[in-house]
Amino acid sequence: MISTRARYALRVLIDLAQNQEDNFVPLKEIAIRQEISEKYLENILKTLVKGKILKGLRGKGGGYMLTRRPEEYTVGEIIELTDGPLSPVACLMPDAEPCRRRDACITLPLWEKFDSLIHDFFYNITLDDLINGRL
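Residues numbered from 1 in each chain as written. Predicted model: local features only at pLDDT ≥ 70, side-chain atom pairs only at ≥ 80, totals over all residues. Heavy atoms only, no water.

(A) Inspection of the overall build of the chain at higher detail. The helix and strand tally for the chain stands at six helices and two strands. For the chain, the succession of helices and strands along the chain, N to C, is α-α-α-β-β-α-α-α. Dimensions of the chain along its principal axes, counting C-alpha atoms only, are 60 × 30 × 25 Å. Residues classed as buried in the chain amount to 36% of the 135 residues present. Summarising the internal contacts of the chain: among those between residues at least 6 apart in sequence, 62% fall at separations of at least 24. Surface exposure of the chain reaches about 8800 Å², of which carbon and sulfur atoms provide 53%. Taken together, the 19 basic and 20 acidic charged side chains of the chain have centroids lying 5 Å from each other. (Helix = DSSP H or I, 4+ residues; strand = E, 2+ residues; numbered from the N terminus. Buried < 20%, exposed > 50% of the residue type's maximum accessible area, 1.4 Å probe, protein only. Contact = heavy atoms within 4.5 Å. Areas by Shrake-Rupley, 256 points an atom, 1.4 Å probe, with all protein chains shown as cover. Lys, Arg positive; Asp, Glu negative; His and termini not counted. Charge placed at Lys NZ, Arg CZ, Asp CG, Glu CD.)

Okay, here's the thing in structure tokens:
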């Protein structure tokens, strides 16, 4: 399940892509447009800055700005930054211990295929695709 946090992160990045015009966009403006509390939004933005998805600037004229063009951001990277890996089962998580039943697991191919579908779906959609309705 995709969290509210990840969904809000996508909304914020789309908002910035549509409104930044080479300037930092204040947190308050984003919060008003997206109808998200400033406090909750601040936590999401910290994660995005730490993940180098955004640049943040404090003080007068400060706010947030994308670090790349909208077509260079994938939905998958944003979801994984805010929610963690998209793996549908624990044994396919990036840091999972090797499963002792792996060689005998009849369902593993099912989970691997599903994992691939999820990954390919979200990593092949960009912010620019969402902004321009290309789905």
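From this point, the discussion proceeds with the structure in view.
(B) Molecular detail of the nonpolar core. With 30 residues, the main nonpolar core has L13, L16, L41, L45, L48 and L54 as its most contacted residues. Every residue in contact with L48, bar those within four places of it in the chain, is listed here: A9, L13, I53, L54, L81 and T82. (Core = buried A, V, L, I, M, F, W, Y, C linked by side-chain atoms within 4.5 Å.)

(C) View of the side chain of D129. With respect to the helices and strands, D129 occurs in helix α6 (residues 127-131). Beyond its immediate stretch of four places on either side in the chain, D129 contacts N124 and R134.

(D) Structural context of the environment of D83. Residue placement: D83 occurs in helix α4 (residues 75-83). Those residues in contact with D83, other than ones at most four positions away along the chain, are M1, I2, S3 and A6. For D83, the side chain forms a polar contact with the side chain of S3, separated by 2.4 Å. (Polar contact = N/O pair within 3.5 Å; in protein donor to acceptor, adjacent residues only side chain to side chain.)

(E) Broad picture of the environment of D95. Inspection of the secondary structure puts D95 in the loop between α4 and α5 (108-123). Accessibility expressed as a relative area gives 68% for D95, which makes it exposed. Sequence separation between D95 and E71 is 24 residues; the distance between their C-alpha atoms is 29 Å.

(F) Examining the packing of aromatic side chains more closely. Considering all chains together, one arrives at two aromatic pairs under this definition. A ring pair is formed by Y8 and Y40, whose centres lie 5.6 Å apart and whose planes are at 80°; its orientation type is edge-to-face. In this pair, Y8 is assigned in helix α1 (residues 4-19) and Y40 in helix α3 (residues 38-50), connecting sequence segments 32 residues apart. Judged by its relative accessible area of 32%, Y40 is partly exposed. Seen from their ring centres, F121 and F122 are 5.0 Å apart, and the 75° between their planes marks the pair as edge-to-face. Look at F122 and you get buried, because its relative accessible area is 19%. The cationic tip of R68 hangs over the ring face of Y73; the distance from NZ or CZ to the ring centre is 4.3 Å. (Phe/Tyr/Trp six-rings, centres within 6.5 Å; stacked < 30°, edge-to-face > 60°. Lys NZ or Arg CZ within 6 Å of the ring centre and 35° of its normal.)

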